[in-house]
Amino acid sequence: MSGDARRRLVRLLVRRRAGLFVGTAILAIVVPVVASTPVRAIPAVAAAVTADDGVGLGVVVPWGGGGMLSLGALLGLLVGIGLFAAVLSLLQGMLVARLNARLAADVRIRLTEHLLRQPPSYHQRVGPGPLLGALTADAEMIALHLGNLLPAAFGVVSGAIVWSLTLGGGLTGAGVATGAAALVVGAVFVVLGVTNGLAARLTGRRAGSSQVQAQQARDAALGAITETLGAADEIQANAAEEEETERLATKISEMAARQERVAAWGTLGGSLTQVVVVVAVPALVVTATLLDAPAAALAVVLPSLTFLQAAIGSATGLWTQVRMTRPSLDRAAELLAEKPGIVDPAGARPLLEVRGALRFRELRFAYPGAEKAVLDGADFEVAAGRTVAIVGDGGSGKSTLLKLLLRFHDPDAGAVTLDGRDVRDVPLRELRRRVAMLGQHSRLFARSVRENLRMGAGTVSDEKLRAACRTAAAEPLLAKLGGGLDAAVDPGAANLSGSERRRLALARVLARDPAVLLLDEPEVGLPQAMAEQLLKDVRAAASGRTCLMVTHRPDLLEADEVVFLSGGRVAARGTHDELARTCEPYGKLLARRREGAGEGGGA
């Protein structure tokens, strides 16, 4: 993955939240300065205990001037400074938390917007695991990294400077020569920097590679969980709950093991830096003794060493975090860099008026990886306002014709035209607004009926929504659910039967008032009487529109014409009665369909 894509994503996110980044950076600089004041004031407190006239304010704060403070006033000031430091630290934490939350939202919104523009074939190819992983854990990781990186980096620099000066000030205040104090501070800084750098090098790379493995394990687990929960009824029907639970447990346990390994490398880096302090403390005590610094100086020197190590040690954590976050940034950038396979053409012109005349011209199309084309020379036209049934055995290309018209795919050869214009020259949004599709598996969402019906229809009025429900014979559902258009549809439309779901989905399609109506086996799986009534209502709903319907029961549809596909081509055309008399394969297909009414699948 090119680092350019990763950097572009980072720049985009930083620009969008520049104000919060600046605020957290400023606080990262100020907080160490304020927080170091009580340590730097230790000599002043010691002096104030014995002094009758107090100590100078300038000893505590640089801008204090020549003012004098008594012991009580000095302690009160230090308490106030401590409280102020706590408030600043709280504010910093709140800003960082807000920045992290906003960044995670930015990543998720941008990814969602981009992924919704990818064709269905992309989602089928990639699968739910990587996409859910990017939208959940990767977005969190990116936000945590970017949200903490800038303030942490400024905090490292500010803390290193402040605590180096405090350490040096503690030594010079105890009578150590300035040059000697500078050498000690420099030596401490170099030792801490080198040891922390080695710790970062040791753990950061391994943490990064472990994070890639953890990401892959998480994707596999998320994909398996999504698949399993989406097929809970199938699993229960086959009494396979225990086997599926065991299979999921294996994947989830693998994910946990990979995550533990990542955490172990991160923790090891922090532990190694703590060893440095354990070794440095006695070394610094010996050094201060050799320099004839009084024991009281250690009251400033030792806390300064601890805080200086914390500041420099944060750089180790930053480097490890950068390595751990890179896989998440890479994947998010990779997903965003993936160009949709179906896009608006350059110079696409909107459709001013749609009559609905269709032409499928010498179409050839093969699905990726397929050995043979599902459509191989299919050629026919549909006059505006006609209802045409598309019939054929499974795999004959029936559903594929509808997908090519909607540009879920583009043909390998040939063209699909709408009113004489190649659909590839029409803006996608415009095409799919004028051409609407109802599939046998059309989904309803866990929202109100109104929100479901308005999908793609914009702010269409309630009157038009009710009219669409009447046309689709879905109006009784509003009374059944209680609440009318405000009634809630349960997750998975569990509070509706199969026939009711399809009628409500048909009403959603009709609410957009499309010029062309595509239906993909809406009757499949329904009892004979329900299928017959649904097709009758569909025929009425198609009045005045061009309608293409893939169906196993053209004898129930009363279509104007039937197109019979075989081997990816148009084998016969005519009315149902004509084909039943003259086309033997068509008659045999219908006989099989009647025997297994309500069963079948699409191509």
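As the structure is a prediction and not an experimental result, all values here were calculated from the model.

Enquirer: Please explain the sheet that holds strand S3 (residues 358-365) as it appears in this structure.
Expert: Picture the strands of a sheet paired through backbone hydrogen bonds; they go either parallel or antiparallel. Taking strand neighbours across the sheet as the criterion, the four strands line up as S4-S3-S6-S7 in an open arrangement whose pairing is antiparallel. Across the chains shown, the open sheet's two edge strands, defined by having one partner strand only, are strand S4 (375-382) and strand S7 (421-422). The sheet contacts of helix H12 (residues 398-405) involve S3, S4 and strand S6 (413-418), and relative to S3 the element is tilted by about 115°.

Enquirer: Please clarify how the packing of aromatic side chains should be interpreted in this entry.
Expert: Aromatic rings in a pair are described by how distant their centres are and how their planes are angled relative to each other. With the rule as written, the count across this model stands at three aromatic pairs. Between the aromatic rings of Phe365 and Tyr367, the centroid separation amounts to 4.9 Å while the plane-to-plane angle is 85°, which identifies the pairing as edge-to-face. Residue Phe365 is classed as buried on the basis of its relative accessible area, which comes to 4%. Measuring from ring centre to ring centre gives 5.8 Å for Phe564 and Tyr586, while their planes differ by 75°; the resulting arrangement is edge-to-face. With a gap of 22 residues between them, Phe564 in strand S11 (residues 561-566) and Tyr586 in helix H21 (residues 584-595) connect regions that are remote in the sequence. The residues Phe564 and Tyr586 share a single accessibility class, namely buried. For the cation-ring pair, Arg447 lies above Phe445, with the distance from its terminal atom to the ring centre recorded as 4.5 Å.

Enquirer: I'm lost on the packing of helix H17 (residues 498-511) against helix H18 (residues 528-541) in this one. Help?
Expert: Packed helices, taken two at a time, are described by the angle their axes make and the gap between the axes. Where H17 contacts H18, the two axes come as close as 11 Å, and the packing angle between them is 5°. Our classification of the angle between H17 and H18 gives roughly parallel. On H18, the residues that touch Ser499, Arg503, Leu506 and Leu510 of H17 are Met530, Gln533, Leu534, Asp537, Val538 and Ala541.

Enquirer: Please clarify how H12 should be interpreted in this entry.
Expert: Counting buried positions along H12 gives seven out of eight residues, so the element sits mostly inside the fold. For H12, the set of buried residues is Lys398, Ser399, Thr400, Leu401, Leu402, Leu404 and Leu405. Within two residues after H12, Arg407 carries a phi angle of roughly 60°, on the positive side.

Enquirer: Honestly, the pattern of salt bridges in this entry has me stumped. Any pointers?
Expert: Under the counting rule described, the total for this entry stands at 30 salt bridges. Glu254 serves as the salt-bridge partner of Arg258, at 2.8 Å between the closest nitrogen and oxygen. With Arg258 and Glu254 both in helix H10 (residues 241-290) and four residues apart, the pair spans about one turn of that helix. Between Arg539 and Asp560 there is a salt bridge whose closest N-O contact spans 3.1 Å. Placement of the pair is Arg539 in helix H18 and Asp560 in the loop between helix H19 (554-557) and S11, with a sequence separation of 21 residues. According to the relative accessible area criterion, Asp560 is partly exposed, its value standing at 26%. What emerges from the salt-bridge pattern is a single network uniting Asp138, Arg218, Asp219 and Arg331.

Enquirer: It is not clear to me how the nonpolar core should be interpreted in this structure. Could you clarify?
Expert: Side chains of nonpolar character tend, in soluble globular proteins, to be buried together. Residues Val449, Leu453, Leu504, Leu519, Phe564 and Tyr586 are the most contacted members of the largest nonpolar core, which totals 49 residues. Here this core takes seven residues from H17, the largest share from any one element. Formed by 31 residues, the second largest nonpolar core is a distinct cluster that contains Val388, Leu404, Val416 and Val426.

Enquirer: I would appreciate a short explanation of the side chain of His576 in the present structure.
Expert: As for its placement among the helices and strands, His576 is situated in helix H20 (residues 576-582). Contact partners of His576, with chain neighbours within four places excluded, come to Asp555, Val562, Tyr586, Leu590 and Arg594.

Enquirer: What is the right way to read the environment of Pro368 from this model?
Expert: Position of Pro368 among the secondary structure elements: in the loop between S3 and S4. Along the primary structure Pro368 and Ser121 are separated by 247 residues, whereas in three dimensions their C-alpha atoms are 9.2 Å apart.

Enquirer: I would appreciate a short explanation of the sheet that holds S11 in the present structure.
Expert: Sheet architecture is open: six strands sit in the order S8-S9-S10-S5-S11-S12, paired in mixed fashion. If you trace the sheet from one side to the other, it starts and ends with strand S8 (435-439) and strand S12 (569-574), each paired once. Within this sheet the neighbouring strands show an average axis-to-axis angle of 20°, counted without direction. Of the pairings in the sheet, the one linking S11 to S12 comprises five bridges and is antiparallel in character. Bridged to Val563 within S12 is Arg573. Contacting S8 and strand S9 (516-520), H17 crosses the sheet at an angle of about 175° to S8.

Enquirer: Can you help me understand the pairing of S6 in this one?
Expert: Along any regular strand, the residues point their side chains to alternate faces of the sheet. Inspection of the sheet shows S3 paired to S6 by five bridges, in the antiparallel sense. Across the sheet, Leu358 pairs through a bridge with Leu418, a residue of S6. Pairing analysis gives two bridges linking S6 to S7, with the strands arranged antiparallel. Paired with Leu418 across the bridge in S7 is Arg421. In this antiparallel pair of consecutive strands, S6 and S7, the connection spans two residues, and Asp419 shows a positive phi of 55°.

Enquirer: Would you explain the pairing of S11 in this entry?
Expert: Most of S11 is tucked away, with five of its six residues classed as buried. Across five bridges, strand S5 (residues 387-392) lies against S11 in parallel orientation. The residue of S11 that forms the bridge with Gly392 is Leu565. Taking the residues that link successive antiparallel strands as the turn, the S11-S12 hairpin has two residues, and the phi of Gly567 there is positive, at about 65°.

Cut-offs applied
- Residues numbered from 1 in each chain as written.
- Predicted model: local features only at pLDDT ≥ 70, side-chain atom pairs only at ≥ 80, totals over all residues.
- Heavy atoms only, no water.
- Pairing = 2+ DSSP bridges.
- Helix = DSSP H or I, 4+ residues; strand = E, 2+ residues; numbered from the N terminus.
- Contact = heavy atoms within 4.5 Å.
- Axes fitted to C-alpha atoms, helices over the stretch in contact; angles between N-to-C directions.
- Phe/Tyr/Trp six-rings, centres within 6.5 Å; stacked < 30°, edge-to-face > 60°.
- Buried < 20%, exposed > 50% of the residue type's maximum accessible area, 1.4 Å probe, protein only.
- Lys NZ or Arg CZ within 6 Å of the ring centre and 35° of its normal.
- Parallel < 35°, antiparallel > 145°, perpendicular 65-115°, else oblique.
- Salt bridge = Lys/Arg side-chain N within 4 Å of Asp/Glu carboxyl O.
- Core = buried A, V, L, I, M, F, W, Y, C linked by side-chain atoms within 4.5 Å.

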